[in-house]
Amino acid sequence: MTSDEALMLEFQGGSRAAFEELFARYRKPLYGFFGRRLNNPERADDLAQETFLAVIRAAHRYEPRASVRTYLYGIALKLLAAERRRFATSSAFAQSAPEPKTDGNPETVLWVRQAMEKLDARDREILMLREYEQLSYSDIAELLRIPVNTVRSRLFRSRLTLKGYLELEAKTNPALRPSAGQPHPGRRGMQ
Amino acid sequence: MSTNRHLIEQEELMAYLDGELPTRQATEAMSHLDLCPECQTLAADFRSVSRELMAWEVESGEVDISPEINAALEERVQKRELANVSSLRLKNRVMTSRWVWAGALAIVCVAVGLKLTLTSRNRNEGASMGMGAVGDRSTAYPSMASIEQYLMPDRDAEIALARSAAPESISNHAKILVLGWRGYETAIEGKNGFVCLVERSWGNPFNSAEFWNPRIRVPECFNPAAARSILPLTFKRTDMVLAGLSKVQMIDRIKAGFEDKELPAPEPGAMCYMMSRAGYLNDAIGHHVPHLMFYFPLTDKSSWGADLPDSPVTMNPQFEGGPEPITEFVIPVAKWSDGTVAPAM
């Protein structure tokens, strides 16, 4: 078993197998990254693949200063920004986009998404990078080019705000709220 | 919540739960959380938010590498091969036209090789003497595996394994930690001051051939004194491993940690239960035998009669100055934590 960074260096040296291993490790997480942010499963899949294409094309420039994980999400964030710029000039795109499939209860997912959408966009991105992509405060700070303390304070604010939204929503629609004590499969964040 | 009443800020509490605090602050936060109902409520709120966010999972089918990626890969591999061939040809031309340098180069290579051999031998000798040197022995685990390999996907299984380190009368009331992507996290709060967790391979001596063995799972329950003074070493090593530090860097930082008093000396009475029959200590001994461990500042092992003929006490080389200035004595016990009789050692 090999670390991501060692695989990346092997790939730089020409190993196709190393790339295939990285692809296997990160395809689903990258799909999830785009899927939660774009509400379009086809584009999510395309952009996940484009992330790997960018890795191939820029492999010679990779330096093991940051983790491969952070490196990949750095590329993904750039692709996401470009996609959103395109989206801003093409209103038909989102209207025709189907909702992404989810593993969870669709109503619960909708409720979580609606609560997330009420957050400030910058705070939401930090929260998502922490909760879903499992990045450290310093990784998030590096990717978004903001101080680590800013990451921490915004994360704190967004979690408390979200908690308020979720509690309000639970009072309004108690049937939609997931059991607070029941862990969800795949849980990897704060425990 | 004011700082007058709490030793930690709310943001710090969140950072602790995220595994983002340095070792010393994390230890303080953990101790405070044990005693502060208000902070426990806030911690539960944070965990609840995180848990509920996890409802939003995105389904993804199995997708192979796309034709575009395949083409780009092929192109890259071909370019790489061409570059290698060109490099080889260039090298051959240089070597042919300047053959007179070959003799000199050979002499340099021999000298360098001799130097490396001697250095390597010295290093291995240091390691075998237990001096904490980083021996690069031939091993099946030469480097760190992906973090996923060290994590246990079934959180409940990790909790149960951690608890199996000590009899239920102890572990049922202990704080339980589990390893997450960013370090150890509290899974269950405790009441008796004991802390149980499953250590990973990097708890081994730095010169161990199995330092990176991802199969290793070592259930341990530390008593309160060890939770305060030995557990921070586990946190420290784990933080550094997850940060991607080399062994040399880790050793340097541990040394500095003790010099700066960031890392504590073992408290009197610090000990640990290791009575699980389900642990996996290394490839050679599997789950080993149930035993207790006792920690001291560097101590002459003869003072405990350790490693003497027929003595039940052995000295574990886990730390022993490599670099932690701690001596660890091990005493086997007759039963596993579930009360069943263990085989004789």
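What this report covers is the structure whose coordinates are included nearby. All of these numbers come straight from a predicted model, not from anything done at the bench.

1. Digging into the sheet that holds strand 5 (residues 271-274) of chain B
All names here are of chain B.
Moving on, step 1. With respect to topology, 8 strands assemble into an open sheet ordered 2-1-3-4-5-6-8-7, the strand pairing being mixed. Among the strands making up the open sheet, the edge pair consists of strand 2 (183-188) and strand 7 (314-316). If you compare each strand with its neighbour and ignore which way they point, the axes differ by 30° on average.
Moving on, step 2. Note that strand 3 (residues 195-199) and strand 4 (residues 218-222) share 5 bridges and pair antiparallel. Bridged to Glu199 within strand 4 is Val218.
Moving on, step 3. Against the sheet, helix 10 (residues 231-242) engages strand 1 (175-180), strand 2, strand 3, strand 4 and strand 8 (326-332), with an angle of about 125° to strand 2.

2. Here's the deal with the environment of Arg36 of chain A
Moving on, step 1. Tracing the backbone shows Arg36 of chain A in helix 2 (residues 16-38).
Moving on, step 2. Beyond its immediate stretch of four places on either side in the chain, Arg36 of chain A contacts Met128, Tyr132 and Glu133 of chain A together with Trp56, Glu57 and Val58 of chain B.

3. Some thoughts on the packing of aromatic side chains
Moving on, step 1. What the rule picks out here adds up to 19 aromatic pairs over all chains.
Moving on, step 2. Aromatic pair Phe222 of chain B and Tyr295 of chain B: ring centres 6.4 Å apart, planes at 35°, arrangement tilted. Of the two residues, Phe222 of chain B is situated in strand 4 and Tyr295 of chain B in strand 6 (residues 291-297); the sequence distance between them amounts to 73 residues.
Moving on, step 3. When its relative accessible area of 1% is taken as the criterion, Phe222 of chain B is described as buried.
Moving on, step 4. The rings of Phe11, Phe19, Phe23 and Phe52 of chain A are connected pair by pair, giving a single aromatic cluster.

4. Focus on the pairing of strand 1 of chain B
Residues and elements named next belong to chain B.
Moving on, step 1. Burial analysis of strand 1 places 6 of its 6 residues in the buried class, which makes it a mostly covered element.
Moving on, step 2. Along strand 1, one buried face is formed by Lys175, Leu177 and Leu179 and the opposite face, lined by Ile176, Val178 and Gly180, is buried too.
Moving on, step 3. Bridge count for strand 1 against strand 3 is 2 bridges, and the pairing is parallel. Counterpart to Ile176 in the pairing with strand 3 is Cys196.
Moving on, step 4. Across 5 bridges, the pairing between strand 1 and strand 2 is antiparallel. Each bridged residue has a counterpart across the sheet, and for Val178 the counterpart in strand 2 is Glu185.
Moving on, step 5. A loop of 2 residues connects strand 1 with strand 2, the two strands running antiparallel in sequence.

5. Details of helix 4 (residues 68-88) of chain A
Moving on, step 1. Given a rise of 1.5 Å per residue, 21 residues ought to cover 30 Å, and the 30 Å separating the end C-alpha atoms of helix 4 of chain A matches this to within 8%.
Moving on, step 2. Restricting attention to buried positions, one finds in helix 4 of chain A the residues Val68, Arg69, Thr70, Leu72, Tyr73, Gly74, Ile75, Ala76, Leu77, Leu79, Leu80 and Glu83 of chain A.

6. A short note on the pattern of salt bridges
Moving on, step 1. The final tally for this structure, using the stated rule, is 29 salt bridges over all chains.
Moving on, step 2. Notably, a salt bridge pairs Lys163 of chain A with Asp45 of chain B, separated by 3.6 Å at the nearest N-O pair. Note that Lys163 of chain A is positioned in helix 9 (residues 148-172) and Asp45 of chain B in helix 3 (residues 37-53), a pairing that runs across two chains.
Moving on, step 3. Looking at Asp45 of chain B, the relative accessible area reads 22%, which means it is partly exposed.
Moving on, step 4. It is possible to trace a salt-bridge network through shared partners that takes in Arg130, Glu131 and Arg159 of chain A together with Asp18 and Glu20 of chain B.

7. Details of the packing of helix 1 (residues 4-12) of chain A against helix 2 of chain A
When two helices pack together, you describe them by how their axes are tilted relative to each other and by the distance separating the axes.
Residue and element names in this part refer to chain A.
Moving on, step 1. The N-to-C vectors of helix 1 and helix 2 enclose an angle of 140°; their axes lie 8 Å apart at closest approach. The orientation of helix 1 relative to helix 2 falls into the category oblique. Between helix 1 and helix 2 lies a crossing whose hand is left-handed. Counted together, Asp4, Leu7, Met8, Glu10 and Phe11 of helix 1 and Ala18, Phe19, Glu21, Leu22, Arg25 and Tyr26 of helix 2 form the full contact between these two elements.

8. Some points on helix 1 of chain A
In an α-helix, one turn spans 3.6 residues, which is why side chains three or four residues apart end up on the same side.
Residues and elements named next belong to chain A.
Moving on, step 1. All of the buried residues in helix 1 are Asp4, Leu7, Met8, Phe11 and Gln12. Down the axis of helix 1, the smallest arc covering the buried residues is 145°, so these residues share one side.
Moving on, step 2. Positive phi appears at Gly14, one or two residues downstream of helix 1, with a value of about 110°.

9. Things to note about the side chain of Glu199 of chain B
All names here are of chain B.
Moving on, step 1. Within the secondary structure, Glu199 sits in strand 3.
Moving on, step 2. In this structure Glu199 is buried but unpaired, with Arg237 as the nearest side chain of opposite charge at 7.1 Å.
Moving on, step 3. Of note is the side chain of Glu199, whose polar atom sits 3.0 Å from the side chain of Thr234.
Moving on, step 4. When near neighbours in sequence (up to four residues on either side) are disregarded, Glu199 contacts Tyr184, Ile216, Arg217, Val218, Glu220, Phe222 and Thr234.

10. Things to note about the interface of chain A and chain B
Moving on, step 1. Contacts between the two partners involve 70 residues from chain A, matched on the other side by 51 residues from chain B.
Moving on, step 2. Both sides together, the interface formed by chain A and chain B hides about 5900 Å², and carbon and sulfur atoms give 60% of it.
Moving on, step 3. The interface formed by chain A and chain B includes 6 salt bridges.
Moving on, step 4. The partner of Glu74 of chain B in a salt bridge is Arg16 of chain A, and the shortest N-O contact between them spans 3.0 Å.

11. Let's talk about the state of the cysteines
The term disulfide refers to a covalent linkage connecting the sulfur atoms of a pair of cysteines.
All names here are of chain B.
Moving on, step 1. All chains considered together, the criterion is met by 1 disulfide over all chains.
Moving on, step 2. Between the sulfur atoms of Cys196 and its disulfide mate Cys221 the distance is 2.0 Å. Judged by the sign of its S-S torsion, about 105°, the bond between Cys196 and Cys221 is right-handed. In this pair, Cys196 sits in strand 3 while Cys221 sits in strand 4, placing the two residues 25 residues apart along the sequence. The same class applies to Cys196 as to Cys221, namely buried.
Moving on, step 3. Residue Cys36 stays outside any disulfide, its sulfur separated by 3.3 Å from that of Cys39, the closest cysteine.
Moving on, step 4. Not engaged in a disulfide, the cysteine Cys272 finds its nearest cysteine sulfur in Cys221; these two sulfurs lie 7.2 Å apart.

Definitions and limits used
Residues numbered from 1 in each chain as written. Chains lettered and ligands numbered in written order. Predicted model: local features only at pLDDT ≥ 70, side-chain atom pairs only at ≥ 80, totals over all residues. Heavy atoms only, no water. Pairing = 2+ DSSP bridges. Helix = DSSP H or I, 4+ residues; strand = E, 2+ residues; numbered from the N terminus. Axes fitted to C-alpha atoms, helices over the stretch in contact; angles between N-to-C directions. Contact = heavy atoms within 4.5 Å. Phe/Tyr/Trp six-rings, centres within 6.5 Å; stacked < 30°, edge-to-face > 60°. Buried < 20%, exposed > 50% of the residue type's maximum accessible area, 1.4 Å probe, protein only. Expected span 1.5 Å × (residues − 1). Salt bridge = Lys/Arg side-chain N within 4 Å of Asp/Glu carboxyl O. Parallel < 35°, antiparallel > 145°, perpendicular 65-115°, else oblique. Left-handed = near helix turned anticlockwise from the far one by under 90°. Arc of directions from axis to C-beta. Lys, Arg positive; Asp, Glu negative; His and termini not counted. Polar contact = N/O pair within 3.5 Å; in protein donor to acceptor, adjacent residues only side chain to side chain. Buried area = accessible area lost by both parts, 1.4 Å probe. Disulfide = S-S within 2.5 Å.

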